[in-house]
Amino acid sequence: MIRYTTPRSGGVRSVFAIIGLASVLLAGGNAHAEQSYCDSPWLVPNARLSGSVDGSTARFSVLVKQINRTDANQCTVELTVNADAPIAGQRVQGTGPFTLTVAQGKSTLNGTFDASGLMNTLMKTTVQSTLSGYFLKPANTVTPGETLAPLSGHSNVDLMVTMQNGIPLNQINVSNASVSTGPRKVGKLQSHSTSVGVLQCMPVSYTATTSSGDLSGVPANNGNAAGARQSQVTDWYCPEKGLTMESVITNGNKKTRVVITSLQ
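What comes next is a walk through the structure. Please read all numbers here as calculations on a predicted model, not as lab measurements.

1. Re the environment of Arg-229
Of note, Arg-229 is situated in strand E15 (residues 229-238). Along the chain, Arg-229 and Val-179 lie 50 residues apart, while their C-alpha atoms are 9.5 Å from each other. Contacts of Arg-229, omitting those with residues within four sequence positions, involve Ala-208, Thr-209, Thr-210 and Asn-251.

This is the structure in structure tokens:
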């Protein structure tokens, strides 16, 4: 008999956090000439970015498959997302198709993520995310010294766990995971070391309040809601690449770094 143990809530939330990072999820350009979002240098077919969380603790990559562009502010992008992270002492790897839709200053990111789970299981995750702004970019245009409007977003995640032969074992849901920020202050354009060399970038600093939402399907935590958590965030946005190359998230004495490690 194979005994399957439902992942603990911390492990489940870790899976969802990595998927979110991978989804939130992107060279060329001129540092003095900002592009509108759908004209960003990375938004071209076959462009790929890779990143990491705290070194190699978690890793992700995003491949741009196709872009349908209506104008500079409206487009739909087909992506393939890959990610891996340690869960319960085992490295979990997965991949899946996502669609990024941009219109009227808002972004949505929807898709599925398939991974090999623990104890010879399969995990299929469905992600639906909405952001009142742009993924990987602070605003449509960013000017040193300005204050950007607050940002907000929410996500719903469904995780189905099955045996390799398709027999269902469990379904776990996270609803209403959210993020909101205060006003975001843009610092001066300055030299910043990145994985692709020294670039001219702007630090965008703000306070973010996050909640990992209502968790159901884990017996010990069924229906439990995670409390709000506040962090100080600095995003290093580099106009030449059209994206945030590094984010530093501070909670008390702990700092987490999310870094774009390569662009192709």
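2. Structural notes on the pairing of strand E2 (residues 58-71)
The sheet contact formed by strand E1 (residues 48-53) and E2 spans 6 bridges and is antiparallel. Paired with Val-53 across the two strands is Ala-58, which belongs to E2. In this antiparallel pair of consecutive strands, E1 and E2, the connection spans 4 residues, and Asp-54 shows a positive phi of 50 degrees.

3. Observations regarding unusual backbone geometry
Working note: non-glycine residues mostly have negative phi, and peptide bonds are mostly trans. At Asn-46, a position not held by glycine, the phi torsion is positive, near 75 degrees. Relative to the helices and strands, Asn-46 is located in the loop between helix H1 (9-23) and E1. In this structure, Asp-54 is a non-glycine residue whose phi angle is positive, near 50 degrees. Of note, Asp-54 is situated in the loop between E1 and E2. Classification of Asp-54 by relative accessible area gives partly exposed; the value is 30%.

4. So, the side chain of Ser-155
You can see Ser-155 is positioned in strand E8 (residues 152-163). Look past the residues within four positions of Ser-155 in its chain and what remains in contact with it is Gln-128, Ser-129, Val-174, Ser-175, Asn-176 and Ala-177.

5. A short note on the side chain of Ser-40
Along the chain, Ser-40 falls in the loop between H1 and E1. For Ser-40, a relative accessible area of 3% puts it in the buried group. From its side chain, Ser-40 meets the backbone oxygen of Tyr-37 in a polar contact 2.7 Å long. With sequence-adjacent residues up to four places away left out, Ser-40 is seen in contact with Gln-35, Lys-137 and Gly-242.

6. Topic: the nonpolar core
Tyr-37, Leu-79 and Leu-100 are the most contacted members of the largest nonpolar core, which totals 46 residues. Among the elements that take part in this core, strand E3 (residues 74-87) stands out by supplying 6 residues, more than any other. Beyond its immediate sequence surroundings of up to four residues, Leu-100 is in contact with Tyr-37, Trp-42, Cys-75, Thr-76, Val-77, Leu-79, Ser-107, Thr-108, Leu-109 and Phe-135. Residues Leu-148, Met-202, Val-204 and Tyr-237 belong to the second largest nonpolar core, which totals 10 residues.

7. Some words on the pattern of salt bridges
One pass over the full model with this rule turns up 4 salt bridges. Ionic pairing is found between Arg-257 and Glu-246, a salt bridge with its closest N-O pair at 2.8 Å. Separated by 11 residues along the polypeptide, Arg-257 in strand E17 (residues 254-263) and Glu-246 in strand E16 (residues 243-251) bring together distant segments of the chain. Judged by relative accessible area, which is 41%, Arg-257 ranks as partly exposed.

8. Digging into the state of the cysteines
Taken as a whole and assessed by the stated rule, the structure comprises 2 disulfides. Each disulfide pairs two cysteine sulfurs, and for Cys-38 the partner residue is Cys-75, the sulfurs being separated by 2.2 Å. Measuring handedness by torsion sign, the sulfur bridge of Cys-38 and Cys-75 sits at about -80 degrees and is left-handed. In this pair, Cys-38 is assigned in the loop between H1 and E1 and Cys-75 in strand E3, connecting sequence segments 37 residues apart. Here Cys-201 pairs with Cys-238 through a disulfide, and the sulfurs are 2.1 Å apart. Between Cys-201 and Cys-238 the sulfur-sulfur dihedral comes to about 95 degrees; the bridge is accordingly right-handed. Taken together, the residues span a long stretch of sequence, with Cys-201 in strand E12 (residues 197-211) and Cys-238 in strand E15 at a distance of 37 residues. This pair shows no difference in class: Cys-201 is buried, exactly as Cys-238 is. When the cysteines of the chain that form disulfides are numbered from the N-terminus onward, they connect as 1-2, 3-4.

What counts and what doesn't
For every chain, the first residue of the written sequence is number 1, and numbering continues from 1 along that sequence. Only residues with pLDDT of at least 70 are given local features in this predicted model, and only at 80 or more are side-chain atom pairs given and counted; all residues enter the totals for whole chains, interfaces and linings. The side-chain figures draw on all heavy atoms in the structure; neither hydrogens nor water molecules are used. Helix numbering and strand numbering both begin at the N terminus, where a helix is a DSSP run of H or I of at least 4 residues and a strand a DSSP run of E of at least 2. Contacts were defined at the residue level, with two residues in contact if any of their heavy atoms lie within 4.5 Å. Two strands qualify as a pair provided that DSSP identifies no fewer than 2 bridges between them. Partly exposed residues are those whose accessible area sits between 20% and 50% of the maximum for their type, while under 20% is buried and over 50% is exposed, using a 1.4 Å probe and protein chains only. The definition of a polar contact used here is a pair of N or O atoms within 3.5 Å, where within protein one atom must be able to donate a hydrogen and the other to accept one, and adjacent residues in sequence count solely through side-chain atom pairs. Joining through side-chain atoms within 4.5 Å is the link that ties buried Ala, Val, Leu, Ile, Met, Phe, Trp, Tyr and Cys residues into a set, and such a set is a nonpolar core. Salt bridge, as applied in this entry: a Lys or Arg side-chain nitrogen positioned within 4 Å of an Asp or Glu carboxyl oxygen. By convention in this document, the label disulfide applies to cysteine sulfur atom pairs within 2.5 Å.

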